[in-house]
Amino acid sequence: RGNSLYISNFEDGRIYRVTPPAACPAVPIKPFGPSGPDIFDHGTGLSTPIADDLQAGTTALGRRVFAVCVNEAESRLYYGVWIEDYLNVNAAQNNEIWSVPINAAGQFAGAAQLEAAMPNLVINNTAYAYTAPPADITFGPNGNMYVGERSGNAHDSRVIEFAGGSGAWS
């Protein structure tokens, strides 16, 4: 949307919006600034902010954003939030899909909202008490949302189909 590219960052929990130039530059493309309509921070954009644990390499689980995908029909950017995995089970909260409104220029334009919680993993009819991180999101021609997971074992990953629309996925 707005000729924008959205980049999720494990290190700081932010989603960066960049607009590619007409020709490839000699130096890397950088976001426009430290805050504003071109950077969205999931951890600070919530009603109860999630603090960064300040560890080198990755931000805290719960503010670690993963998959990103624009839903043009809803003018929203959907993104996955990595809350747990098989090594870090969170009994109170599964991994989630959130969205934030974007305007016609592709800039972030409002507060985030929870769209869906990932269902617990089931492998060979065995239910587990955790979910795998949502690594990819896309929308089909029928309007349904498809979420691909990344697990510790490639054979345990799934693609889940959600039907509905913003605020009412099942």
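How each quantity is defined
Residue numbering note: each chain is counted from 1, following its sequence as written. In keeping with the model being predicted, local features are shown solely for residues with a pLDDT of at least 70 and side-chain atom pairs are shown and tallied solely at 80 or more, while totals for entire chains, interfaces and linings include all residues. With hydrogens and water set aside, each side-chain value is computed from the structure's full complement of heavy atoms. Only DSSP runs of H or I with at least four residues qualify as helices, and only runs of E with at least two residues qualify as strands; both kinds are numbered from the N terminus onward. Burial classes follow relative accessibility: with a 1.4 Å probe on protein chains only, a residue under 20% of its type's maximum area counts as buried, one over 50% as exposed, and anything between as partly exposed. To be clear on the numbers: accessible area is Shrake-Rupley with a 1.4 Å probe, and residue cover counts the displayed protein chains and nothing else. Here a salt bridge means any side-chain nitrogen of Lys or Arg lying within 4 Å of a carboxyl oxygen belonging to Asp or Glu. Two rings belonging to Phe, Tyr or Trp (six-membered ring only in the last case) form a pair when the distance between their centres is within 6.5 Å. Interplanar angles under 30 degrees mark stacking, angles over 60 mark edge-to-face geometry, and anything in between is tilted. By definition, two strands form a pair when at least two bridges between them are found by DSSP. Angular values range over 0 to 180 degrees, each being the angle between N-to-C directions of two axes fitted as lines to C-alpha atoms, with helices fitted over their stretch in contact. Between N or O atoms, a polar contact is any pair within 3.5 Å; within protein, one atom must be a potential hydrogen donor and the other a potential acceptor, and residues adjacent in sequence are included only when both atoms are from side chains. Put simply, buried Ala, Val, Leu, Ile, Met, Phe, Trp, Tyr and Cys residues joined by side-chain atoms within 4.5 Å make one nonpolar core. Residues are treated as being in contact if the distance between any of their heavy atoms lies within 4.5 Å.

We now examine the overall build of the protein. The secondary structure content of the protein amounts to 0 helices and 12 strands. Written out in order from the N terminus, the α and β elements of the protein read β-β-β-β-β-β-β-β-β-β-β-β. Taking all 170 residues of the protein together, the buried fraction comes to 42%. Surface summary for the protein: the accessible area is close to 8,800 Å², and the carbon and sulfur share equals 54%.

Next up on the list: the pattern of salt bridges. Inspection of every chain in the model, using the stated rule, returns 5 salt bridges. Across the pair Glu149 and Arg158 runs a salt bridge, and its minimum N-O distance is 2.8 Å. With relative accessibility at 8%, the residue Glu149 sits in the buried group. Through salt bridges that share partners, Arg14, Asp41 and Arg63 make up one connected network.

Time to look at the packing of aromatic side chains. As enumerated under the stated definition, the model contains 10 aromatic pairs in all. Ring geometry for Phe10 versus Phe66: centroids 4.9 Å apart, planes at 75°, classification edge-to-face. A residue pair is termed long-range when its members are at least 10 positions apart, and Phe10 in the loop between strand 1 (5–8) and strand 2 (14–18) and Phe66 in strand 4 (residues 64–71) qualify at 56 residues. According to the relative accessible area criterion, Phe10 is partly exposed, its value standing at 28%.

Quick look at the sheet that holds strand 11 (residues 145–149) now. Taken in spatial order, the 3 strands make up an open sheet running 10-11-12, and their pairing is antiparallel. Two strands lie at the open edges of the sheet, namely strand 10 (134–139) and strand 12 (159–162), each paired on one side alone. Sheet twist, expressed as the mean angle between neighbouring strand axes with direction ignored, is 20°. In terms of strand pairing, strand 10 meets strand 11 through 5 bridges, oriented antiparallel. Bridge pairing in strand 11 places Pro134 opposite Glu149.

With that settled, the discussion passes to the sheet that holds strand 6 (residues 96–101). Spatially, 4 strands are ordered 4-5-6-7 in an open sheet, and the strand pairing comes out antiparallel. The two strands at the open ends of the sheet, each matched to only one other strand, are strand 4 and strand 7 (113–117). When strand polarity is set aside, the average angle formed by the axes of neighbouring strands in this sheet is 25°. Examined bridge by bridge, strand 5 (residues 76–82) and strand 6 share 6 bridges and lie antiparallel to one another.

On to the environment of Asn142. Here Asn142 is to be found in the loop between strand 10 and strand 11. Reaching out from Asn142, the side chain makes a polar contact with the backbone nitrogen of Asn144 at a distance of 2.9 Å.

Ile15, Phe40, Leu77, Tyr79 and Phe108 are the most contacted members of the largest nonpolar core, which totals 14 residues. Broken down by secondary-structure element, the contributors of at least two residues to this core are strand 5 and strand 6. Broken down by element, the residue count for this core peaks at 3 residues, all from strand 5. What Leu77 contacts, discounting residues up to four positions off in sequence, is Tyr6, Ile15, Val68, Cys69, Val70, Trp98, Ser99, Val100, Ile102 and Phe108.

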